[in-house]
Amino acid sequence: MIISGSVQEVRELIGNWKKRGFSVGLVPTMGYLHPGHMSLIERARKENDMVVVSIFVNPIQFGPNEDLDKYPRDMAHDREVCEKAGAELIFAPQPSEMYPSDNFAFVDIKELGDGLCGAKRPGHFRGVCTVVSKLFNIVLPNRAYFGEKDAQQLAIIRRMVRDLNFGTEIVSCPIVREPDGLAMSSRNLYLSPEERKAALSISRSLGEAKELMRKGEKDAVKIRDIITAGISAEPLAKIDYAEIVDSSDLRPVQRIEKPVLAAVAVYIGKTRLIDNFTFEGAAK
Ligand code: PAF
């Protein structure tokens, strides 16, 4: 497995693969890889000749009061995970390689980035769209793999790829959970044992809401209230948002008549966690 931080070197390597007719799968990450990332790399491994994992804590998607400096990093561990999952290349650039001081071009998206996480994290999705566009232009992947835990990010990247005519197929992979239901996240590391227990209120409440939808409940406000009440009953949890939105345009819905996304962001102590589920419709 090769590790490179150089855009030019990566372009040359991948150019050679492409000349030989190899397909390329890209798994964009910010490192500190957990089994959720591993599932993306393994899927990419199955579907492509060559697998590239990018590891880059993208400074421009963090707000001024967010956790950029303390975002966990462990290259030795990440290297092991990538090697085990069968990646050919890790692209791990320095910020100066991705953003020279005279970088003036950015990629932004309207509407889809305004609600949910975008409402509380201005500039976040501009940062994500910019770095993902850059990675797509450097790696020219046939397919790129994203987790469904970041549901808004996934919807935005799909739309960006459609609107800007990128030639990359976006593949989404299901949320990977701990045995007790907590969605895997690099940020789970910040939780104390007490907070870790409190965080279970998130997946538990979402599970109850999903069950109600399955039984035929169509009132989105009622469903949202159930999620909110379940999480708020936990003293260490503070809801940032809990929303039921149309899964294609991410606009809030009153009635559950089309596929919807139930999405939450919750502070457990100082740690902000997100989780969600998509509901396609009650069984007929
Ligand atoms: O989901 C993430 O880890 C990041 O937002 C991504 C897609 C790697 C862009 O920095």
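Because the structure is a prediction, the values reported are computed rather than measured.

Enquirer: Help me understand the sheet that holds strand β1 (residues 2-4) in this model?
Expert: Strand pairing in a sheet relies on backbone hydrogen bonds, with the paired strands running either antiparallel or parallel. Reading across from one edge, β1-β4-β3-β2-β5-β6 is the order of the six strands in this open sheet, with parallel pairing throughout. Here the strands that pair on one side only, and so sit at the sheet edges, are β1 and β6 (169-173). Neighbour-to-neighbour, the strand axes of this sheet turn through a mean angle of 25°, independent of strand direction. In terms of strand pairing, strand β3 (residues 50-55) meets strand β4 (residues 89-91) through three bridges, oriented parallel. Directly across from Val52, in β4, lies its bridge partner Leu89.

Enquirer: Is there a simple way to explain the packing of aromatic side chains in this structure?
Expert: Centre distance and the angle of the planes are the two values used to describe a pair of aromatic rings. Within the structure shown, the criterion is met by three aromatic pairs. With 5.8 Å between their ring centres and 75° between their planes, Phe62 and Tyr71 make a pair best called edge-to-face. The two residues Phe62 and Tyr71 agree in class, both being buried. Lys70 extends its terminal NZ or CZ atom over the ring of Tyr190, reaching a point 4.1 Å from the ring centre. Here the basic side chain of Arg126 rests over the ring of Phe106, its NZ or CZ set 4.1 Å away from the ring centre.

Enquirer: Before we go on, may I ask you to explain the pattern of salt bridges in this structure?
Expert: Side chains bearing opposite charge may pair, as long as their charged atoms lie close to each other. The final tally for this structure, using the stated rule, is 16 salt bridges. A salt bridge links Arg255 to Glu257; its shortest N-O distance comes to 3.6 Å. Take Arg255: its relative accessible area is 43%, and that puts it in the partly exposed class. Each of Glu111, Asp249 and Arg251 takes part in salt bridges that share partners, so that together they form one network.

Enquirer: How should the environment of Pro64 be read in this particular structure?
Expert: With respect to the secondary-structure elements, Pro64 resides in the loop between β3 and α3 (75-85). Separated by 57 residues in sequence, Pro64 and Arg121 have C-alpha atoms that sit 9.9 Å apart.

Enquirer: What's the story with the side chain of Ser4 in this structure? I'm lost.
Expert: With respect to the secondary-structure elements, Ser4 resides in strand β1. Residue classification places Ser4 among the buried positions, given a relative accessible area of 4%. Of the polar contacts made by the side chain of Ser4, one reaches the backbone nitrogen of Ser6; its length is 3.1 Å. Contact partners of Ser4, with chain neighbours within four places excluded, come to Glu9, Val10, Leu89, Ile90, Phe91, Ala92 and Pro93.

Enquirer: For this particular structure, what's the right way to read the site of the ligand?
Expert: Looking at the ligand, the residues that line it are Pro28, Thr29, Met30, Asn58, Gln61, Val131, Phe146, Asp150 and Gln153. Here Gln153 contributes a side-chain N or O atom positioned 2.7 Å from an oxygen atom of the ligand. For the ligand, the protein covers 88% of the area, taking 290 Å² as the surface of the free molecule. Its residues assigned to classes, the shell around the ligand comprises four nonpolar, four polar and one charged.

The rules behind the values
- Along each chain, the written sequence defines residue order, and numbers are assigned to residues from 1.
- Local features are withheld for residues below a pLDDT of 70 in this predicted model, meaning they are given only at 70 or higher, and side-chain atom pairs are given and counted only at 80 or more; totals for whole chains, interfaces and linings count all residues.
- Note that the side-chain values use all heavy atoms of the structure and ignore hydrogens as well as water.
- Strands are treated as partners if at least two bridges between them are detected by DSSP.
- Secondary structure elements follow DSSP: runs of H or I of four or more residues count as helices, runs of E of two or more count as strands, with numbering from the N terminus.
- Axis definition: a line fitted to C-alpha atoms, over the contacting stretch in the case of helices. Angles run 0 to 180 degrees between N-to-C directions.
- Classification of ring pairs uses Phe, Tyr and Trp, with its six-membered ring standing for Trp, and accepts pairs whose centres are within 6.5 Å; under 30 degrees between planes counts as stacked, over 60 as edge-to-face, and the remaining range as tilted.
- The buried label goes to any residue with under 20% of its type's maximum accessible area, the exposed label to any with over 50%, and the partly exposed label to all in between, with areas taken from a 1.4 Å probe on protein chains only.
- Any Lys NZ or Arg CZ found within 6 Å of a ring centre and within 35 degrees of that ring's normal is scored as a charge over the ring.
- The rule for a salt bridge is simple: a side-chain nitrogen of Lys or Arg has to be within 4 Å of a carboxyl oxygen of Asp or Glu.
- Any pair of N or O atoms that falls within 3.5 Å is considered a polar contact. Within protein, one atom must be able to donate a hydrogen and the other to accept it, and sequence-neighbouring residues count only if both atoms are side-chain atoms.
- Two residues qualify as a contact provided that any one of their heavy atoms is within 4.5 Å of a heavy atom in the partner residue.
- Only a single heavy atom is needed: when it lies within 4 Å of a molecule or strand, its residue is near that molecule or strand.
- Using a 1.4 Å probe, accessible areas were evaluated by the Shrake-Rupley method; residue-level cover was limited to the displayed protein chains.
- In this classification, Asp, Glu, Lys and Arg are treated as charged, Ala, Val, Leu, Ile, Met, Phe, Trp, Tyr, Cys and Pro as nonpolar, and every other residue, Gly included, as polar.

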